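This is what each chain is made of:
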There are 2 protein chains.
Amino acid sequence: MAIGRRPGAYVCGIDAAMDVIGGKWKVLILWVLHERPHRFGALRRAVPGVTEKVLAAQLRELEADGIVHREEYDEVPPRVEYSLTARGETLNEALGPLGAWGRENLLGGATASHGVPGLVGQEAAR
Amino acid sequence: MAIGRRPGAYVCGIDAAMDVIGGKWKVLILWVLHERPHRFGALRRAVPGVTEKVLAAQLRELEADGIVHREEYDEVPPRVEYSLTARGETLNEALGPLGAWGRENLLGGATASHGVPGLVGQEAAR
DNA sequence: CTGTATCCATAGCGATACTG
DNA sequence: CAGTATCGCTATGGATACAG
């Protein structure tokens, strides 16, 4: 409990989880952050097509749900680093089978993995 | 491949899968159909709050994606039965860990399971 | 560099009525 | 019974400009 934006409105764990990862870019953000922490600008470049406003909004929601950690350094120029929390890591692992299903059934097994431990490489390095 | 509504637009298996289960009611439909086939009206009653139009639309998409099978019986009164395909069953299984994550992290482990084989009971019978 | 503010486009969803 | 048609709302997301 304590997280999720519609407390008490879920009929099973799946739709609760869907609420957390339902944003258009969230699984991509998860995918990128799983490899290593990113700052805002790097994240924006790593998630092609997202605008600043939307990226900021999705990060806020993921932060509110305890998935990502936001570390603000009081420097100049400003620096903010985003990383996965422990809960974010477990969510990423729970997403593994779904990613495998998608690769096998939707992509023909041709594309990069989704950060399942032991399968992720340097694809998202950039 | 051959399924998914944005062929070639995915960066990893996860967002491809998200496209398939992204509708507001789709995971619920999956949950209900996993237990046993349902006809349209029964499905509508089993998924509380959905309207006919939206239910029909989501079923069409799931059918186009090869997740559900639509069996039309030429009787009077008309009868149509919806069931999961083999691909739908594997998708349901791939959703298992995510549902477990949601129950543990969002619901406190209090709610019914999502049809993970061996865990589903009569909760969705209704 | 890391955001917020403003405005706008659209997709998805919902209610109701109607048809084969 | 099993849908389709029509209408419209609202939430999400996108583009651009501006701020700390």
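Preceding this paragraph is the structure being described.
Everything quoted here is computed from the prediction, not taken from an experiment. (Residues numbered from 1 in each chain as written. Chains lettered and ligands numbered in written order. Predicted model: local features only at pLDDT ≥ 70, side-chain atom pairs only at ≥ 80, totals over all residues. Heavy atoms only, no water.)

Counting through the fold element by element, G88 of chain A comes out in helix α5 (residues 86–107). Along the chain, G88 of chain A and L33 of chain A lie 55 residues apart, while their C-alpha atoms are 9.4 Å from each other. (Helix = DSSP H or I, 4+ residues; strand = E, 2+ residues; numbered from the N terminus.)

Of all 9 residues in helix α1 (residues 13–21) of chain B, 9 are buried, a share of seventy percent or more. Those residues of α1 of chain B lying buried are G13, I14, D15, A16, A17, M18, D19, V20 and I21 of chain B. In this structure, the buried residues of α1 of chain B make contact with α1 (13–21), α2 (26–35) and α5 of chain A together with α2 (26–35), α4 (52–64) and α5 (86–107) of chain B. (Buried < 20%, exposed > 50% of the residue type's maximum accessible area, 1.4 Å probe, protein only. Contact = heavy atoms within 4.5 Å.)

A few words on the interface of chain B and chain A. Across the boundary between the two partners, chain B contributes 36 residues, which contact 36 residues of chain A. Buried area between chain B and chain A, summed over both chains or domains, comes out near 3,300 Å², and the portion from carbon and sulfur atoms is 79%. Here chain B is connected to chain A by 0 salt bridges. There are 4 residue pairs in polar contact (both at pLDDT 80 or more) connecting chain B and chain A. For the side of chain B that touches chain A, a count of residues per class yields 24 nonpolar, 9 polar and 3 charged. (Buried area = accessible area lost by both parts, 1.4 Å probe. Salt bridge = Lys/Arg side-chain N within 4 Å of Asp/Glu carboxyl O. Polar contact = N/O pair within 3.5 Å; in protein donor to acceptor, adjacent residues only side chain to side chain. Nonpolar A, V, L, I, M, F, W, Y, C, P; charged D, E, K, R; others polar.)

For the rest of this paragraph, the subject is the packing of aromatic side chains. Applying the stated rule across the entire model yields 0 aromatic pairs over all chains. Over the aromatic face of Y73 of chain A sits the side chain of R79 of chain A, whose NZ or CZ is 4.0 Å from the ring centroid. (Phe/Tyr/Trp six-rings, centres within 6.5 Å; stacked < 30°, edge-to-face > 60°. Lys NZ or Arg CZ within 6 Å of the ring centre and 35° of its normal.)

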